[in-house]
Structure formats: structure tokens, C-alpha cells
Amino acid sequence: MSEHEQDPKIARMRAMVERFPERSVPHFGLAQALQSAGDHAGAEASYAEAYQRQADLMMAYFRRGECLMALERFEEAREMATKTRDLAMSQSHSGPLADATEMLEEIADELEP
């Protein structure tokens, strides 16, 4: 059993995903637990599962972008930050808009030659 599988919060969230696989909230909760545990690859996949079930789940895009940045997958992270920015503007959320803009700037710095 891996270190992450022994984490009680991750185990609870995995059980919720198994019980309610069609719902976005358990996938998002699992992703948060995995991200907190440092499992960025597992978290980014779970965030994607969450927004595939709820397309306007802005923070799933943003958090997946954070994970992708940690994994140095900057092009994909840029897509997530752009989607977050677009959703933040359409939903009138200034905080996530500022965060997404900052992430886009960080990505641009990483991708500069």
C-alpha cells in the first residue's frame, strides 16, 4: 500500500468517488486530498474528472493548473489558467481572475527562452 493510500482523508475520498462516481464533488475532494499530499499527478487527473462532470467548476481548472505547473507541464497549465480566467470573467469572480492572471504570467516566465 502506498503512502498516499494510508492517508485517511484520501481513503475516505476514494470511497466517496466509488460510491458517487458521476458526481463532481467527490472527484474534487479526492483531488484536493491528493494535492495536499503532494501527489500532483493523481490530483491533476482527479481535477479533470471533476470538471468533466461539471464544466463550470472553475476551481477544478485552476487547481489542475497548479498541479500541471508542479509537474512542469506548462503548456497544459496555460490551458487551465486560460479556462479559469474565462470562467472567472463569465462568473464575475475577481479573486480567481487575479489568480489565473498571475498563473499565466508565471507560465509565460517559465516558457521564455
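Residues numbered from 1 in each chain as written. Predicted model: local features only at pLDDT ≥ 70, side-chain atom pairs only at ≥ 80, totals over all residues. Heavy atoms only, no water.

### Section: the overall build of the protein chain
Part 1: Within the protein chain one finds 6 helices and 0 strands.
Part 2: Reading the secondary structure of the protein chain in the N-to-C direction produces α-α-α-α-α-α.
Part 3: Against the 2.2 N^0.38 benchmark of 13 Å for 113 residues, the protein chain shows a C-alpha radius of gyration of 14 Å, consistent with a compact globule.
Part 4: When its C-alpha atoms are laid out on the principal axes, the protein chain stretches across 40 × 30 × 20 Å.
Part 5: Within the protein chain, the proportion of its 113 residues that are buried is 41%.
Part 6: The long-range fraction of contacts in the protein chain, counting pairs at least 24 apart against all pairs at least 6 apart in sequence, stands at 45%.
Part 7: For the protein chain, the exposed surface amounts to about 6500 Å²; the carbon and sulfur share of it is 49%.
Part 8: Positive and negative side-chain charges of the protein chain, numbering 12 and 22 respectively, have mean locations separated by a distance of 9 Å. (Helix = DSSP H or I, 4+ residues; strand = E, 2+ residues; numbered from the N terminus. Rg over C-alpha atoms; globule rule 2.2 N^0.38 Å. Buried < 20%, exposed > 50% of the residue type's maximum accessible area, 1.4 Å probe, protein only. Contact = heavy atoms within 4.5 Å. Areas by Shrake-Rupley, 256 points an atom, 1.4 Å probe, with all protein chains shown as cover. Lys, Arg positive; Asp, Glu negative; His and termini not counted. Charge placed at Lys NZ, Arg CZ, Asp CG, Glu CD.)

### Observations regarding unusual backbone geometry
Part 1: With a phi angle near 60 degrees, E72 is a residue other than glycine that sits in the positive phi range.
Part 2: Examined against the element boundaries, E72 turns out to sit in the loop between α4 (58-70) and α5 (74-91).
Part 3: Residue classification places E72 among the exposed positions, given a relative accessible area of 61%.
Part 4: Positive phi values are uncommon outside glycine, yet S92 reaches one of about 55 degrees.
Part 5: Residue placement: S92 occurs in the loop between α5 and α6 (94-111).

### Considering the nonpolar core
Part 1: If you look at the biggest cluster of nonpolar residues, it comprises 30 residues, and the most contacted ones within it are Y47, A60 and I107.
Part 2: Those elements that provide at least two residues to this core are α1 (8-19), α2 (24-36), α3 (40-53), α4, α5 and α6.
Part 3: When neighbours within four sequence positions are excluded, Y47 is seen to be in contact with F28, A31, Q32, Q35, A60, R63, R64 and C67. (Core = buried A, V, L, I, M, F, W, Y, C linked by side-chain atoms within 4.5 Å.)

### A look at the pattern of salt bridges
Part 1: By the definition in use, this model includes 8 salt bridges.
Part 2: Between R53 and E49 there is a salt bridge; the shortest N-O distance is 2.6 Å. Of this pair, R53 and E49 both sit in helix α3, separated by 4 residues, roughly a single helical turn.
Part 3: Overall, the relative accessible area of 34% leaves R53 in the partly exposed class.
Part 4: Notably, a salt bridge pairs E66 with R63, separated by 3.1 Å at the nearest N-O pair. Here the residue E66 and the residue R63 both occupy positions in helix α4, the gap between them amounting to 3 residues, near one helical turn.
Part 5: Among the charged side chains, a network of salt bridges with common partners joins E44, R64, R73 and E76. (Salt bridge = Lys/Arg side-chain N within 4 Å of Asp/Glu carboxyl O.)

### Some words on the packing of α1 against α2
Part 1: One way to put it is that α1 packs onto α2 with a least axis distance of 8 Å and a crossing angle of 160 degrees. As far as their axial angle goes, α2 and α1 are roughly antiparallel. Between α1 and α2 lies a crossing of left-handed hand. Residues K9, I10, M13, R14, M16 and V17 of α1 touch α2, and the partners they reach there are P26, H27, G29, L30, A33 and L34.
Part 2: Split by residue class, the contact of α1 with α2 holds 8 nonpolar, 2 polar and 2 charged. (Axes fitted to C-alpha atoms, helices over the stretch in contact; angles between N-to-C directions. Parallel < 35°, antiparallel > 145°, perpendicular 65-115°, else oblique. Left-handed = near helix turned anticlockwise from the far one by under 90°. Nonpolar A, V, L, I, M, F, W, Y, C, P; charged D, E, K, R; others polar.)

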